[in-house]
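Next come the chains, spelled out residue by residue.
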Amino acid sequence: MSERSHLRLQLVVFTLVAASFTNIYLTQPVLPVLQAEFAATTLQVSFTVAAVILGIALANLPFGVLADRLPIQPIILTGGIAVALGGLICAVTDNLWLLIGARFLQGLFIPALTTCIAAYLAKTLPIERLNVVMGAYVSATVVGGLGGRLLGGWIHPPLHWRYAFVSAAVLILVATFLALKQLPRQPKVDNIAREQPRFLSLLRRWELVRIYLAAAGGFFIFSSVFNYLPFRLAAEPFSFSTELITLLYLVYVMGIFMGPLSGRISNRIGSGNTLIGGTLLLGSSVALTLLPSIVAIILGLLGLCAGFFAVHAAAVGSLNRRLTSGQGRANALYVLFYYVGGWIGITGSGFAYTQWGWQGVILICLLLLILPFMAGLGERRDVRR
């Protein structure tokens, strides 16, 4: 592959993954608006985010298997059309539960565009090229997550939140057809069975399971704080507008820098120490958001992003260093635990917020810190042996 073709592939992957992640968090900054428009509870409107994450969690493993058996092009075409269709349903419906169902549909097919493209890259690129293109993949997840929040929050005030879904649907269709046109055909795999290690054998290894639990706990905390933050900021003493609430999501851009930086930190001080340090930063940052100060909120969110991406990067690095085979399925399990943790976080913290307000969300998040912290202790203990 020429350098020009390689750069084009990076652009295609970045565009497809960013467009996919844009759809996940579209409603997050406008949850108070949805609550008022649909006359719903805080928990009910939070399902517009939780449903997507649950769909991703459920569909990730099946699509990972399909990616080993089928060409990438029909998978991407199906996924792109389904995600766009779900977005258009969200844009026109006046029924909250139909909107939630359409969001779940989007979640079910997002792995067709993300998990499957990662598997495709692993099978078609040499390792030196793969590392570079996967860098574009990781950056695209951050840009897409931020872009969805900004699109959902900034489109609403001059127009309506429904237009954000239309824009995202157009974006995903453009990215899908660009990928269909530009992605090289993948070579046929002679021995598919060799590429499919058993999931149960991976789940019997406690040193891997604790990393999976660290991922679940980390995303539980991250999702809970960012999902219920709009309700805290829309209420007293802040009374922020949708535009101001959305502006605070810019702290998410720290993930672009923290991912690679955390990898270098882990190489220097070890994954165990990085997990422990990231967990302590997470805890102190989450507690900081309890203060009725916008400065404290901003500092807390910056620390939350830094701590979360440190935990995330250290966990992924530790997982893959422990594997001599079965990397594909091991990473698919990681993604499964990661998104299930996020879904449980949004749902469980919704009950906590309804009963005890923001303090209840922070308390449950602080309790979940035990998962990445114990994983860090386990990694340190194993290194000393």
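Note that this is a predicted model, so its numbers are computed, not measured.

Draft legend 1. Highlighting the packing of aromatic side chains. Considering all chains together, one arrives at 21 aromatic pairs under this definition. With a centroid separation of 4.1 Å and an interplanar angle of 10°, the aromatic rings of Phe-219 and Tyr-338 are classed as stacked. With Phe-219 in helix α10 (residues 206-234) and Tyr-338 in helix α15 (residues 327-356), the pair connects residues that are 119 residues apart, well separated along the chain. Assigned by exposure class, Phe-219 and Tyr-338 land together as buried.

Draft legend 2. The packing of helix α2 (residues 31-38) against helix α3 (residues 42-69), seen in detail. Put simply, α2 and α3 touch, their axes get as near as 9 Å, and they point 120° apart. The angle between α2 and α3 falls in the class oblique. Crossing handedness for the pair α2 and α3: right-handed. Residue-level inspection shows Leu-31, Leu-34 and Gln-35 of α2 in contact with α3, the latter providing Thr-42, Val-45, Ser-46 and Thr-48.

Draft legend 3. Seen up close, the pattern of salt bridges. One pass over the structure, following the stated rule, counts 5 salt bridges. A single network of salt bridges, built from pairs that share partners, joins Glu-37, Asp-94 and Arg-162.

Draft legend 4. Here's a closer look at helix α8 (residues 161-182). The end-to-end C-alpha separation of α8 is 32 Å, in line with the 32 Å expected for 22 residues at 1.5 Å each. Every buried residue of α8 is accounted for by Trp-161, Arg-162, Ala-164, Phe-165, Ala-168, Ala-169, Ile-172, Ala-175, Thr-176 and Ala-179. Looking straight down α8, one finds its buried side chains confined to an arc of 140°; they lie on one side. Exposed side chains of α8 directed beyond 90 degrees from the buried face belong to Val-174 and Lys-181.

Draft legend 5. The arrangement of the packing of α10 against helix α16 (residues 358-368) in detail. At a closest axis distance of 9 Å, the pairing of α10 and α16 adopts a crossing angle of 170°. With respect to each other, α10 and α16 are oriented roughly antiparallel. Here Gly-217, Phe-220, Ile-221, Ser-224, Val-225, Tyr-228, Leu-229 and Arg-232 of α10 lie close against α16, whose contacting residues are Trp-358, Val-361, Ile-364, Cys-365 and Leu-368. By residue class, the composition of the contact of α10 with α16 is 10 nonpolar, 2 polar and 1 charged.

Draft legend 6. The side chain of Arg-210, seen in detail. By secondary structure assignment, the location of Arg-210 is in helix α10. Within polar-contact distance, the side chain of Arg-210 engages the backbone oxygen of Gly-378 at 3.2 Å. With sequence-adjacent residues up to four places away left out, Arg-210 is seen in contact with Arg-322, Ala-375, Gly-378, Glu-379, Arg-381 and Asp-382.

Draft legend 7. Summary view of helix α1 (residues 3-22). Its 20 residues place the ends of α1 28 Å apart at the C-alpha level, agreeing with the 28 Å of an ideal helix rising 1.5 Å per residue. The complete set of buried residues in α1 reads His-6, Leu-9, Gln-10, Val-12, Val-13, Leu-16, Val-17, Ala-18, Ala-19, Ser-20, Phe-21 and Thr-22.

Draft legend 8. The arrangement of the nonpolar core in detail. Core analysis: the biggest nonpolar cluster contains 120 residues, and Ile-24, Ile-117, Ile-221, Leu-301, Leu-304 and Tyr-339 have the highest contact counts within it. Examining the composition of this core, we find that 15 residues originate from one element, α10, more than from any other. Ile-221 has contacts with Leu-282, Val-286, Leu-304, Cys-365, Leu-368 and Leu-369, leaving out every residue within four places of it along the chain.

Draft legend 9. Quick look at the environment of Ala-216. Tracing the chain through its elements places Ala-216 in helix α10. A C-alpha to C-alpha distance of 5.2 Å links Ala-216 and Phe-337, two positions 121 residues apart in sequence. If we ignore the near neighbours within four places in the chain, the residues touching Ala-216 are Phe-337, Tyr-338 and Gly-341.

Draft legend 10. Spotlight on the side chain of Ser-318. In this fold, Ser-318 is placed in helix α14 (residues 294-321). There is a polar contact of 2.5 Å between the side chain of Ser-318 and the side chain of Glu-379. Setting aside anything within four residues of it in sequence, one finds Ser-318 in contact with Ile-211, Ser-271 and Glu-379.

What counts, and where the lines are drawn
Residues numbered from 1 in each chain as written. Predicted model: local features only at pLDDT ≥ 70, side-chain atom pairs only at ≥ 80, totals over all residues. Heavy atoms only, no water. Phe/Tyr/Trp six-rings, centres within 6.5 Å; stacked < 30°, edge-to-face > 60°. Helix = DSSP H or I, 4+ residues; strand = E, 2+ residues; numbered from the N terminus. Buried < 20%, exposed > 50% of the residue type's maximum accessible area, 1.4 Å probe, protein only. Axes fitted to C-alpha atoms, helices over the stretch in contact; angles between N-to-C directions. Parallel < 35°, antiparallel > 145°, perpendicular 65-115°, else oblique. Left-handed = near helix turned anticlockwise from the far one by under 90°. Contact = heavy atoms within 4.5 Å. Salt bridge = Lys/Arg side-chain N within 4 Å of Asp/Glu carboxyl O. Expected span 1.5 Å × (residues − 1). Arc of directions from axis to C-beta. Nonpolar A, V, L, I, M, F, W, Y, C, P; charged D, E, K, R; others polar. Polar contact = N/O pair within 3.5 Å; in protein donor to acceptor, adjacent residues only side chain to side chain. Core = buried A, V, L, I, M, F, W, Y, C linked by side-chain atoms within 4.5 Å.

These results come straight from atomic positions and should not be treated as a statement about function.
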